Amino acid sequence: MTGRGQASAGDLLELVRTGRATTRGALQQATGLSRATVGQRLDRLFRAGWLREGAGGPVDSPLGGRPSITLEFDDAHAVLLAADLDTRHARAAVLTLTGEILAEHSGTLVVEDGPDTVLGELGGWFAELLEKAGHRAEEVGGIGLAVPGPVDNETGRVVQPPIMPGWDGYDIRGRLARAFAERTGRATEVPVLVDNDANLMAYGEQRTGHPDCSAFVLVKVSTGIGAGVVVDGSIFRGIDGGAGDIGHIRVPEGADSLCRCGSYGCLAAVASGGAVARKLAEAGIRAASGSDVRDLLASGHPEAAALAREAGRRVGDVLATVVTLLNPGVLMIAGDLAGTPFLTGVRELLYQRALPRSTARLDVVTSRLGERAALVGAGAMVVEHLYAPERVEERLLALGV
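What you are looking at is a predicted structure, and each value in this text was computed from that prediction instead of being measured.

> It is not clear to me how the pattern of salt bridges should be interpreted in this structure. Could you clarify?
Any two side chains of opposite charge can pair, so long as their charged atoms come close to each other. Tallied over the full model, the rule gives 29 salt bridges. Measuring nitrogen to oxygen at the nearest pair gives 3.9 Å for the salt bridge that ties Glu-14 to Arg-20. The partner of Arg-17 in a salt bridge is Glu-384, with the nearest N and O atoms 3.2 Å apart. Highlighted residues: Arg-17 in helix α1 (residues 9-17) and Glu-384 in helix α13 (residues 373-386), separated in sequence by 367 residues. Since its relative accessible area comes to 19%, Arg-17 is described here as buried. By relative accessible area, which is 26% here, Glu-384 ends up partly exposed. Residues joined in a network through salt bridges with shared partners are Arg-91, Glu-104, Arg-294, Asp-295, Asp-336, Glu-371 and Arg-372.

Structure follows, in structure tokens:
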């Protein structure tokens, strides 16, 4: 926020939206603005349809008087679209600004078919979902997309993704915006934001289930292995989006195992859902992907369980270093292998290798949002982008208020 007495309409909206100040008096106290100035800036937000008045609050003065009227972020003025791409499967949804899913669809989308085809198909999914949810394309505030590769946050382009051939450096934002416009007839361009799937899963899970955790780590183990890190409520991405790519840490057990990135010895080559599926197939058990392993684990298949536990031990060995470095309060396991056998293996090696101080206050848990985690995280990312104080000012000017 700008200094006291200089707070903008965007700063006021941020205070209301986060619950830090929800009455006119509280906004005056928090910002140092006069009553008249607060009123003028709130009026712009009301005219934009972003604020509404709620119920009267308690009377603050011992002398009595009228109860103060609370202010609320109006989450009904727009909706969001979000999608989560995996290697052979995708999930998409229409969400409210507070993260409630209004309509949802999942189905086969193969990233190896290339970005033009996949993003064009997603545009069609979004059009159908909006119709199902009873909303118009003009009501969409933004689109969030989760992808299984490292993303440069400034450009929204994936950077040398090991399991996304043909996507390196591709203009995902532009293509998805065009596909949406082509399928819906929307005249104005919709904002599109892109991030790594593990990052957005971590963001969704931390915000909804662990908002007070200042250091949160989520590890997704599916076709590949990746981690998302949320520190003080923000995604930690590194310099160019490569943070959390733990699937390509070298491990001694994998010296002879070729990874999809082209190197030998990566953790993903020996402990991912794809690696477990390969070992099952070699044993004559039908499994071609992490999702097949998930189904076998759900049915109680003993060999799948044994291999998942061993994969968990290998991942747990690497996570001992991650936990020692980051000292998180929550370590969440998600993805196709996130069940009891894998989690047991993680705990065995993690607690054996990490210092007791690093794990004394650590909760090792599994996903709460499940397959919707990245959708919720993508929606939250778009909301934070759209209603950042500096962007609020730009949007209000564009609306003429």
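> I would appreciate a short explanation of the sheet that holds strand β14 (residues 363-366) in the present structure.
Neighbouring strands of a sheet are bound in pairs by backbone hydrogen bonds; such pairs are parallel or else antiparallel. Strand order in the open sheet formed by five strands is β12-β11-β10-β13-β14, with mixed pairing between adjacent strands. Only two strands of the sheet have a single neighbouring strand rather than two, namely β12 (234-235) and β14. As paired elements, strand β13 (residues 330-334) and β14 share four bridges and run parallel to each other. Considered in β14, the bridge of Leu-331 is made with Val-364. Lying on the sheet, helix α6 (residues 197-209) is in contact with β10 (215-221), β11 (225-231), β12 and β13; it crosses β11 at an angle near 45 degrees.

> Looking at this model, I keep getting lost on unusual backbone geometry. Mind explaining?
Leave glycine aside and you will find that most residues have negative phi; peptide bonds, for their part, are mostly trans. The backbone phi angle of Gln-160 is positive, close to 45 degrees, even though this residue is not glycine. Mapped onto the fold, Gln-160 is located in the loop between β8 (157-158) and α5 (172-184). In this structure, Asp-232 takes a positive phi of about 50 degrees despite not being glycine. On the secondary structure map, Asp-232 appears in the loop between β11 and β12.

> I'm lost on the pairing of strand β3 (residues 79-85) in this one. Help?
Two faces make up the sheet, and in a regular strand the side chains alternate between them. Where burial is concerned, most of β3 is hidden: seven out of the seven residues are buried. On β3, burial covers both faces: Val-79, Leu-81, Ala-83 and Leu-85 on one face and Leu-80, Ala-82 and Asp-84 on the other are all buried. Of the strand pairs in this sheet, β3 and strand β6 (residues 140-147) are connected by six bridges, and their pairing is parallel. Each residue of the ladder has a partner; that of Leu-80, found in β6, is Gly-142. Sheet topology places β3 next to strand β4 (residues 89-95); six bridges connect them, and they run antiparallel. Considered in β4, the bridge of Leu-85 is made with Ala-90.

Criteria and cut-off values
- Residues numbered from 1 in each chain as written.
- Predicted model: local features only at pLDDT ≥ 70, side-chain atom pairs only at ≥ 80, totals over all residues.
- Heavy atoms only, no water.
- Salt bridge = Lys/Arg side-chain N within 4 Å of Asp/Glu carboxyl O.
- Helix = DSSP H or I, 4+ residues; strand = E, 2+ residues; numbered from the N terminus.
- Buried < 20%, exposed > 50% of the residue type's maximum accessible area, 1.4 Å probe, protein only.
- Pairing = 2+ DSSP bridges.
- Contact = heavy atoms within 4.5 Å.
- Axes fitted to C-alpha atoms, helices over the stretch in contact; angles between N-to-C directions.

These results come straight from atomic positions and should not be treated as a statement about function.
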